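Architecture and fold: a report
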Amino acid sequence: MHGYTHLFIPGPTNIPEPVRQAMNIPMEDMRAPDFGGFVTQLLEDLKPVFRTRSGRVFVFPSSGTGMWESALSNTLSPGDRVLMSRFGQFSHLWVDMAERLGLEVDLCEVEWGKGVPVEEYAARLKADTEHRIKAVCVTHNETATGVTSDVRAVRAALDAAGHPALLFVDGVSSIASIEFEMEDWGVDCAVSGSQKGLMLPAGLGVLGVSQKALEASRTAKLPRCFFSFDDMIKLNDTGYFPYTPATQLLRGLRVSVDMLLAEGMENVWARHRRLAEGVRAAVAAWDGCELVSRGPEWRSDTVSAIYAPDGVDAAAVIRTAYEKYQTSLGTGLAQLAGRAFRIGHLGSLNPVMLCAAVSAAEMALLDNGARIAPGSGVAAAIEHFRATAPAEVLPFRKSA
Ligand SMILES: *Cc1c(COP(=O)(O)O)cnc(C)c1O
């Protein structure tokens, strides 16, 4: 097989070459005298990626799922009430975890294709005059459906109700890709992982934690061990870890953080918006295809979940794209299996790469009986990208 195999799933995402090269190094001493300084600076530089000033960022050997557990188990006690909503596979799994950890979930069920029901949250918070709700959870970007929720509005609802609950956000497929403001939105735990916006292999859980969450961890009673804030803080404060860190991944993270900060977070967000709009233009041009998200206010700039036309098996489209065109598209998860496919447009991508994704999807759709005009999606995408091209795109250069 010649050329590249193309990866357009919403995580793991494509790894930039400088990041991959930074990880290709001999094993190093994780207790070396100069390793501590490297770690201290890396943790410090993650703060502007999460947009926190007063909080801190932990890096665990884990995937994103572990950070859900770290957030819940460090800050809450058995039987505590948490306000959650379910509208896709990832928000579902977080609810499931909260229940299994022994929390009482106050659940809002939402139609898949929409996101966090802010008005419902506001009403429940207002009604909770005894402040029995201890945490409010928001899946910022539901990767299964391509739906982004309004975290800022949830913060406003908490403030309007004068409610002291903690605010937890699953930002696994939003942080380092679309607008995320941990400090300004008053987010207490911001959950992420290495293999999406951070453009690394899976293997690191990355968790932003506010001072309020750290305070809560001192009295919370759920058991925690591997994911303990306390153990991490004690060693992180000296630049080291309570157990063996994934040193190569940390070296890669150093470069991905450098790349993000060199580009500027606002520019990273704008790039994702532009890529997403190109894909959405293609979807709009494909007869019979439709976004799973139920309106412009929900549209995700990191992943599009797309209903295949009636009578077209979305699972077959994904298989054809892979087997015939060397291209991975995202599958339809749970109730979307066979009905929808996804195009991940987050991480290290540019318009020409997205045109490849659109053309592979288009060929696979045609091969599976979709009555779309050949080239229609690609034409819409290229016109969008031509019309929105920045004056120049500079290559990334390592500073040192
Ligand atoms: C990928 C993802 C997760 C799960 O992260 P893992 O790293 O696979 O554990 C959780 N939430 C969202 C929104 C995701 O996209």
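Residues numbered from 1 in each chain as written. Predicted model: local features only at pLDDT ≥ 70, side-chain atom pairs only at ≥ 80, totals over all residues. Heavy atoms only, no water.

**Focus: the overall build of the protein**
In terms of helices and strands, the protein carries 13 helices and 14 strands. For a compact globule of 400 residues, the expected C-alpha radius of gyration is about 21 Å, and the protein comes in at 21 Å, within 12% of that figure. Its C-alpha atoms give the protein principal-axis dimensions of roughly 60 × 55 × 35 Å. Looking at the protein as a whole, 56% of its 400 residues are labelled buried. The long-range share in the protein, meaning contacts at least 24 apart out of those at least 6 apart in sequence, stands at 72%. Surface exposure of the protein reaches about 16,800 Å², of which carbon and sulfur atoms provide 52%. Looking at the protein, you have 38 positive and 46 negative side-chain charges, and the mean spots of the two groups are 1 Å apart. (Helix = DSSP H or I, 4+ residues; strand = E, 2+ residues; numbered from the N terminus. Rg over C-alpha atoms; globule rule 2.2 N^0.38 Å. Buried < 20%, exposed > 50% of the residue type's maximum accessible area, 1.4 Å probe, protein only. Contact = heavy atoms within 4.5 Å. Areas by Shrake-Rupley, 256 points an atom, 1.4 Å probe, with all protein chains shown as cover. Lys, Arg positive; Asp, Glu negative; His and termini not counted. Charge placed at Lys NZ, Arg CZ, Asp CG, Glu CD.)

**Some remarks on the domain arrangement of the protein**
Taken domain by domain, the protein consists of domain 1 (17–262) and domain 2 (265–387). The C-alpha-based centres of domain 1 and domain 2 are spaced at 28 Å. Counting the surface lost from both domain 1 and domain 2, the interface buries some 2,200 Å², and carbon and sulfur atoms represent 64% of this. The salt bridge involving E266 is made with R51; its shortest N-O contact spans 2.9 Å. Scanning the region where domain 1 abuts domain 2 turns up 10 residue pairs in polar contact (both at pLDDT 80 or more). Only α2 (35–50), α4 (89–100), β7 (147–148) and α9 (247–263) provide two or more residues apiece to the side of domain 1 that touches domain 2. Split into classes, the residues belonging to the side of domain 1 that touches domain 2 amount to 13 nonpolar, 12 polar and 6 charged. (Domains from an automatic or database assignment. Buried area = accessible area lost by both parts, 1.4 Å probe. Salt bridge = Lys/Arg side-chain N within 4 Å of Asp/Glu carboxyl O. Polar contact = N/O pair within 3.5 Å; in protein donor to acceptor, adjacent residues only side chain to side chain. Nonpolar A, V, L, I, M, F, W, Y, C, P; charged D, E, K, R; others polar.)

**So, the site of the ligand**
What surrounds the ligand is the set S63, G64, T65, W68, F90, N141, T143, D170, V172, S173, Q195 and K196. Take T65: an N or O atom from its side chain is 2.5 Å from an oxygen atom of the ligand. Within the contact set of the ligand, an oxygen atom lies 2.8 Å away from a side-chain nitrogen or oxygen of Q195. For the shell around the ligand, the residue count by class is 3 nonpolar, 7 polar and 2 charged. (Near = heavy atom within 4 Å.)

**Looking at the pairing of strand β8 (residues 166–170)**
Counting buried positions along β8 yields 5 of 5 residues, so the element is predominantly enclosed. Burial of the side chains of β8 extends over both faces: L166, F168 and D170 are buried on one face and L167 and V169 on the other. Both strand β5 (residues 133–139) and β8 contribute to a ladder of 5 bridges, which runs parallel. Bridging across to β8, V138 finds its partner in V169. When β8 meets strand β9 (residues 189–193), the two strands line up parallel, connected through 3 bridges. Looking at β9, one finds that D170 is bridged to V191. (Pairing = 2+ DSSP bridges.)

**What about α9?**
A rise of 1.5 Å per residue sets the reference length of α9, with its 17 residues, at 24 Å; its end C-alpha atoms lie 25 Å apart and thus fit the reference within 8%. Buried within α9 we find T247, L249, L250, G252, L253, R254, V255, S256, V257, M259 and L260. Residues of α9 that are buried sit in contact with α1 (17–23), α2, β2 (56–61), β10 (204–209) and α10 (265–285). Among the residues trailing α9, G264 stands out with phi positive, at a value near 95°. (Expected span 1.5 Å × (residues − 1).)

**A closer look at the packing of helix α3 (residues 64–75) against α4**
Two elements in contact, α3 and α4, have axes whose closest approach is 11 Å; the angle formed by their N-to-C orientations is 40°. With respect to α4, the axis of α3 lies oblique. Regarding α3 and α4, the two cross each other, and that crossing is right-handed. Contact residues: α3 offers T65, W68, E69 and L72, while α4 offers F90, L93, W94, M97 and A98. (Axes fitted to C-alpha atoms, helices over the stretch in contact; angles between N-to-C directions. Parallel < 35°, antiparallel > 145°, perpendicular 65-115°, else oblique. Left-handed = near helix turned anticlockwise from the far one by under 90°.)

**Regarding the sheet that holds β8**
Read across the open sheet, the 7 strands follow the order β2-β10-β9-β8-β5-β3-β4; overall the sheet is mixed. In this open sheet, the two edge strands, each paired with only one partner strand, are β2 and β4 (104–109). Taking each pair of neighbouring strands and ignoring which way they run, the sheet shows an average axis angle of 20°. Across 5 bridges, the pairing between β9 and β10 is antiparallel.

**So, the sheet that holds strand β11 (residues 290–291)**
Spatially, β11-β12-β14 is the arrangement adopted by the 3 strands of the open sheet, whose pairing is antiparallel. In this open sheet, the two strands that pair with only one neighbour each are β11 and β14 (340–344). Relative to strand β12 (residues 303–307), β11 is paired through 2 bridges, and the arrangement is antiparallel. Within β12, the position partnered with L291 by the bridge is I306.

**Remarks on the nonpolar core**
Counting 88 residues, the largest nonpolar core has V136, L167, F168, V187, L250 and L253 as its most contacted members. Of all the elements, α2 adds the most residues to this core, at 8 residues. A domain split of this core shows at least three residues from each of domain 1 (17–262) and domain 2 (265–387). Look past the residues within four positions of V136 in its chain and what remains in contact with it is L83, Y121, L125, V154, L158, A165, L166, L167 and F168. By size, the runner-up hydrophobic cluster in this structure holds 30 residues, among which are F8, V283, W286 and A370. (Core = buried A, V, L, I, M, F, W, Y, C linked by side-chain atoms within 4.5 Å.)

**Side note on the state of the cysteines**
Per the stated rule, a full pass over the model turns up 0 disulfides. The structure places no disulfide on C189, whose sulfur is separated from the nearest cysteine sulfur, that of C137, by 9.2 Å. A relative accessible area of 0% places C189 in the buried class. Note on C225: no disulfide assigned, nearest cysteine sulfur contributed by C189 at a separation of 18 Å. (Disulfide = S-S within 2.5 Å.)

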